[in-house]
Amino acid sequence: MTHGTDSIDSPMYGTFGNGGARRPEPEPQYSLKMFGEVVKTFRKRARLTQEQFAPLVGYSPETVASIEQGRRLPPPDFTERADSILDAFGVILAAAKHLTRRKGLASWFRQWAELELSALSLYTYECRLIPGLLQTPAYARTLFADQLPPLADEQIEAQLAARLERQQLLRERPNTSFSFILEEHLFLRDLGGADVTRELLDHILDLSELRNVDVQIMPLVRHHHSGLGGPVQLLETPDHQWFGYLEGQEHGQFVSDPKVVSVIQMRCASMRSQALSLDDSQSLMRRMRGAR
């Protein structure tokens, strides 16, 4: 289990896994830092501040700063726009080809994480744990601390930093639709203790107020359920292609076959009707919050 879906390993399409040997990879992010320096150099050459450059490439100044500091992978459209706007002679595009590492993210997850950066829609159903994009630092740290085989302190910190960076997507991409269906029992488990769960509920309630974030709860008692096959994610690209991701304890499956993706879409649509409404889900989370 990947403790929040932060891992994938394989070619871009098809079934893949890690051979039963999950190893986190908190390696230094030299290629990202180098890419960031290249962008910064050409930006300064164009005599643009980060605040002036950001709207030209369609991203916030905070995102531009993160990219230039080597803290996040640039979306493909950022790379293309930056090279054109800064008249970089193809240097930025060439530098992007060497972005093979992301600090704190396992190698088998990076391809999905790159697609997340430019996705139009992201749908997630979870029955095992709170998805990584919704986790609090305390909840995530509990997951990492409980992982077997045990992680070193520096590995935990690297994975936590990567997870918190991914969560910026929810606020940095207001035009991306994020939809989550969470089983009620994920909160009743009290993972990490009552205080951690209380903070988690407050955090998810706050996120559910964002216009681009929908959170629905699948009630504990449900006579019909279309998601019994396990957790699933769906993603829509800017080209309106849909991909899916299915995950087990020691393997994952990146789904590109339109027929299979269609089945997943059908199941997700059914679960959205079976789960509590957005308002009822918020009310349930508030009641669970008050019980702690």
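Notes on the structure follow. Fair warning: this is a prediction, and the values are worked out from it, not measured in the lab.

What counts as what
Residues numbered from 1 in each chain as written. Predicted model: local features only at pLDDT ≥ 70, side-chain atom pairs only at ≥ 80, totals over all residues. Heavy atoms only, no water. Buried < 20%, exposed > 50% of the residue type's maximum accessible area, 1.4 Å probe, protein only. Helix = DSSP H or I, 4+ residues; strand = E, 2+ residues; numbered from the N terminus. Pairing = 2+ DSSP bridges. Core = buried A, V, L, I, M, F, W, Y, C linked by side-chain atoms within 4.5 Å. Contact = heavy atoms within 4.5 Å. Phe/Tyr/Trp six-rings, centres within 6.5 Å; stacked < 30°, edge-to-face > 60°. Axes fitted to C-alpha atoms, helices over the stretch in contact; angles between N-to-C directions. Parallel < 35°, antiparallel > 145°, perpendicular 65-115°, else oblique. Nonpolar A, V, L, I, M, F, W, Y, C, P; charged D, E, K, R; others polar. Patch = residues over 30% accessible without salt bridge, like charges linked within 9 Å, V, L, I, M, F, W, Y side chains within 5 Å. Areas by Shrake-Rupley, 256 points an atom, 1.4 Å probe, with all protein chains shown as cover. Salt bridge = Lys/Arg side-chain N within 4 Å of Asp/Glu carboxyl O.

### Looking at the pairing of strand S2 (residues 121-126)
- Summarising burial for S2: 6 of the 6 residues are buried, a large majority.
- Residues Ser121, Tyr123 and Tyr125 point to one face of S2 and Leu122, Thr124 and Glu126 to the other, with burial holding for every one of them.
- Pairing analysis gives 6 bridges linking S2 to strand S3 (residues 177-183), with the strands arranged parallel. Counterpart to tyrosine 123 in the pairing with S3 is serine 179.

### A look at the nonpolar core
- Formed by 53 residues in total, the largest nonpolar core has its most connected members in Phe78, Leu182 and Phe187.
- With 6 residues, helix H11 (residues 194-207) is the largest single contributor of residues to this core.
- Dropping the residues within four chain positions of it, leucine 182 is found in contact with Glu126, Ile130, Pro131, Leu134, Phe187, Ile204, Val215, Gln216, Ile217 and Met218.
- In terms of nonpolar packing, the next biggest core, distinct from the first, is built from 12 residues, Ile181, Val255, Val261 and Met271 among them.

### Points about the packing of aromatic side chains
- Taken as a whole and judged by the stated rule, the model has 3 aromatic pairs.
- A centroid spacing of 6.2 Å and a plane angle of 75 degrees characterise the contact between phenylalanine 53 and phenylalanine 78, whose relative ring orientation is edge-to-face. Placement of the pair is phenylalanine 53 in helix H2 (residues 50-57) and phenylalanine 78 in helix H4 (residues 76-85), with a sequence separation of 25 residues. Both residues of the pair, phenylalanine 53 and phenylalanine 78, belong to the buried class.
- Seen in terms of ring centroids, tyrosine 123 and tryptophan 242 are 5.8 Å apart; in terms of plane orientation they differ by 35 degrees. Their pairing is tilted. On the criterion of sequence distance, the pair formed by tyrosine 123 in strand S2 and tryptophan 242 in strand S6 (residues 242-247) is long-range, its members being 119 residues apart.
- On the basis of relative accessibility, which here comes to 24%, the residue tryptophan 242 falls in the partly exposed class.
- Among the aromatic residues, those joined into a ring-pair cluster are Phe53, Tyr59 and Phe78.

### Quick word on the packing of H2 against helix H3 (residues 61-68)
- At a minimum axis distance of 8 Å, the contact between H2 and H3 shows a crossing angle of 100 degrees. It follows from the interaxial angle that H2 and H3 lie roughly perpendicular. The segment H2 lies against H3, with Gln50, Glu51, Phe53, Ala54 and Val57 engaging Pro61, Val64, Ala65 and Glu68.
- Grouping the constituent residues of the contact of H2 with H3 by class yields 6 nonpolar, 1 polar and 2 charged.

### As for a nonpolar patch on the surface
- A cluster of nonpolar residues, Leu188, Leu220 and Val221, forms a patch on the protein surface that exposes about 300 Å² of accessible area.
- Relative to the elements of secondary structure, leucine 188 occurs in helix H10 (residues 185-188).
- For leucine 188, a relative accessible area of 39% corresponds to the partly exposed category.

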